[in-house]
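Notes for the structure review
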Amino acid sequence: MLPKEKLEKLQTEYAILHLVYHRNHNQHRVAVWWRHLSMLHRGVRKVLRGIYEIEEAKKIKRREQLQKQVVATANHLVLRVMNRAYYHFNSVIALGQFVNLGFVLVASVSALRSLLLEIEGVGDRNVEVETKKTELDDDIGEEVAYESVSTPSVDIKPEPMVAMSFEEPKKEPKKKTEKRKSKGDGEKKKRKRSQSRLSTIFWMKKYL
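As the structure is a prediction and not an experimental result, all values here were calculated from the model.

Here the focus is the packing of helix α1 (residues 4-23) against helix α3 (residues 33-56). Geometrically, a packed helix pair is captured by the angle between its two axes and the distance between the axes. At their nearest, the axes of α1 and α3 sit 10 Å apart, and the two run at 145° to each other. Considering how the two elements wind past one another, α1 and α3 form a crossing that is left-handed. Listed contacts from α3 to Leu7, Leu10, Gln11, Tyr14, Leu17, His18, Val20 and Tyr21 of α1 are Trp34, Leu37, Ser38, Leu40, His41, Val44, Arg45, Leu48, Ile51, Tyr52 and Glu55. Looking at side-chain class alone, the contact of α1 with α3 contains 13 nonpolar, four polar and two charged residues.

Let us look at the nonpolar core. With 37 residues, the main nonpolar core has Leu10 and Leu116 as its most contacted residues. Listing elements by their share of this core, those giving two or more residues are α1, α3, α4 (60-95) and α5 (99-116). Top element by residues in this core is α4. It accounts for 11 residues. The residues contacting Leu10, other than those within four sequence positions of it, are Leu2, Val44, Leu48, Ile51, Leu112, Leu115 and Leu116.

Per the UniProt annotation, the sites labelled "transmembrane region" (unreviewed entry) are residues 85-107. In the segment residues 85-107, helix accounts for 87% and strand for 0%; the C-alpha atoms at its two ends are 12 Å apart.

Aromatic ring pairs are described here by two measures, namely the spacing of the ring centres and the angle between the planes. Summed over all chains, the structure comprises three aromatic pairs. Taken together, a centroid distance of 5.1 Å and an interplanar angle of 20° make the contact between Tyr21 and Trp34 stacked. You can see Tyr21 sitting in helix α1 and its partner Trp34 sitting in helix α3, a full 13 residues away along the chain. This pair shows no difference in class: Tyr21 is buried, exactly as Trp34 is. A centroid spacing of 6.3 Å and a plane angle of 80° characterise the contact between Trp33 and Phe89, whose relative ring orientation is edge-to-face. Taken together, the residues Trp33 in helix α3 and Phe89 in helix α4 connect sequence positions 56 residues apart. Comparing Trp33 with Phe89, the two get one shared label, buried. These aromatic residues form a ring-pair network of at least three members: Tyr21, Trp33, Trp34 and Phe89.

Calculation rules
- Residues numbered from 1 in each chain as written.
- Predicted model: local features only at pLDDT ≥ 70, side-chain atom pairs only at ≥ 80, totals over all residues.
- Heavy atoms only, no water.
- Axes fitted to C-alpha atoms, helices over the stretch in contact; angles between N-to-C directions.
- Helix = DSSP H or I, 4+ residues; strand = E, 2+ residues; numbered from the N terminus.
- Left-handed = near helix turned anticlockwise from the far one by under 90°.
- Contact = heavy atoms within 4.5 Å.
- Nonpolar A, V, L, I, M, F, W, Y, C, P; charged D, E, K, R; others polar.
- Core = buried A, V, L, I, M, F, W, Y, C linked by side-chain atoms within 4.5 Å.
- Buried < 20%, exposed > 50% of the residue type's maximum accessible area, 1.4 Å probe, protein only.
- UniProt positions renumbered as here; feature names shortened; annotations may be inferred.
- Phe/Tyr/Trp six-rings, centres within 6.5 Å; stacked < 30°, edge-to-face > 60°.

Encoded structure:
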């Protein structure tokens, strides 16, 4: 699908993209543009893997299937992913904080696009991917005839209505709670009596 020189260039560009992806994963994985870098990274890896499998495949049908898959993924990258990725990578340069990283990403996208366009059928919007549709035969089974079973007729007489009386529950009289005298009250009274006796004794001594 690609000559050796182009394939080697594609490998080197993927290696650069893989290093950028690996080194900046922890720092920039939350950014908006990282999603497009991840899609680009996975797509190029899938294209390279498909090209290697085509070279190793021996059957003609298998080669044709792999070629269609490679063309479909490369076409998706060129027509959809790379346009959005280029726009978002330019926003990284516009922010001014990671200018070097933005230039590397833009250069990588342009190089990968030029290499993928070398594949036959890539860049054509009329290319359609053939999808296999598996049809399953539903096992309906045989119809089962249900015989009508005669049920004996039973005369059910309605029961007479019974008047229900609702009585209010009787209220039990409240028990009088006896107040318990605490020990502290008795001691206080004894102290008061002793104090009154002492006061009377001192009063009598003064006037005698």
